[in-house]
Amino acid sequence: DILVDSAEKQALIDQMQADRGWVLPEQEFYINKDPEYHVRQSALYNHVIKREGALSEKFREMIIISALCVRLPGIETETYVKNHMRQALDLGATEEEIFEGVQCLFFPAGGPSVMMGMKCLNAVLEERKASS
């Protein structure tokens, strides 16, 4: 292991929270079990999602939202979709952009994928209204 100290593991958890805006229980579990795995996985995530490139981070989040909606079903998927929707909104995506992106899922993925996206978007928007 490259990191074994509990303070270093907590620092990884704190950094993930700062970078992504969330830490799932399963992520905290693998950080504590194998911090080297997390360091490598996080480096790849940051390279793919966070780097400067032809696509904006907002656009990359929209792609992730679509892919996750297609991966139905499951409570875990809802959690992931909502997290990425929150992130996309925080990066400047509009409600309409996410809505239309989810609508586009109908032809390649079908109604259940659209319903997953609509359910999650509605929940995220409701939560934002309640907190403002």
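The number of helices and strands found in the protein is eight helices and zero strands. The secondary structure elements of the protein, listed N-terminal to C-terminal, are α-α-α-α-α-α-α-α. Seen through its C-alpha atoms, the protein measures out along the principal axes to roughly 45 × 35 × 30 Å. For the protein, with 132 residues in total, the buried portion stands at 36%. In the form shown here, the protein has an accessible surface area of approximately 7900 Å², with 58% of it arising from carbon and sulfur atoms.

So, about helix α5 (residues 75-90). With 16 residues, α5 extends 23 Å from end C-alpha to end C-alpha; this agrees with the ideal 22 Å at 1.5 Å per step. Lining the buried residues of α5 we find α1 (6-20), α3 (35-50), α4 (57-70), α6 (95-103) and α8 (111-131). Just past α5, the residue Gly92 takes up positive phi, approximately 110 degrees.

In this fold, Glu78 is placed in helix α5. In this structure the side chain of Glu78 is engaged in a polar contact, spanning 2.8 Å, whose partner is the side chain of Lys119. Setting aside its immediate chain neighbours within four residues, Glu78 contacts Met116, Lys119 and Cys120.

Okay, a nonpolar patch on the surface next. A contiguous nonpolar surface patch, about 260 Å² in accessible area, is contributed by Leu55, Phe59 and Ile63. Mapped onto the elements, Leu55 comes out in the loop between α3 and α4.

Let's shift gears to the side chain of Ser113. Residue position: Ser113 is located in helix α8. Relative accessible area serves as the criterion here: at 2%, Ser113 is assigned to the buried category. A distance of 3.4 Å separates the side chain of Ser113 from the backbone oxygen of Cys69, its partner in a polar contact.

Thresholds applied
- Residues numbered from 1 in each chain as written.
- Predicted model: local features only at pLDDT ≥ 70, side-chain atom pairs only at ≥ 80, totals over all residues.
- Heavy atoms only, no water.
- Helix = DSSP H or I, 4+ residues; strand = E, 2+ residues; numbered from the N terminus.
- Buried < 20%, exposed > 50% of the residue type's maximum accessible area, 1.4 Å probe, protein only.
- Areas by Shrake-Rupley, 256 points an atom, 1.4 Å probe, with all protein chains shown as cover.
- Expected span 1.5 Å × (residues − 1).
- Contact = heavy atoms within 4.5 Å.
- Polar contact = N/O pair within 3.5 Å; in protein donor to acceptor, adjacent residues only side chain to side chain.
- Patch = residues over 30% accessible without salt bridge, like charges linked within 9 Å, V, L, I, M, F, W, Y side chains within 5 Å.
- Salt bridge = Lys/Arg side-chain N within 4 Å of Asp/Glu carboxyl O.

Shape is all these values report; function is a separate question.
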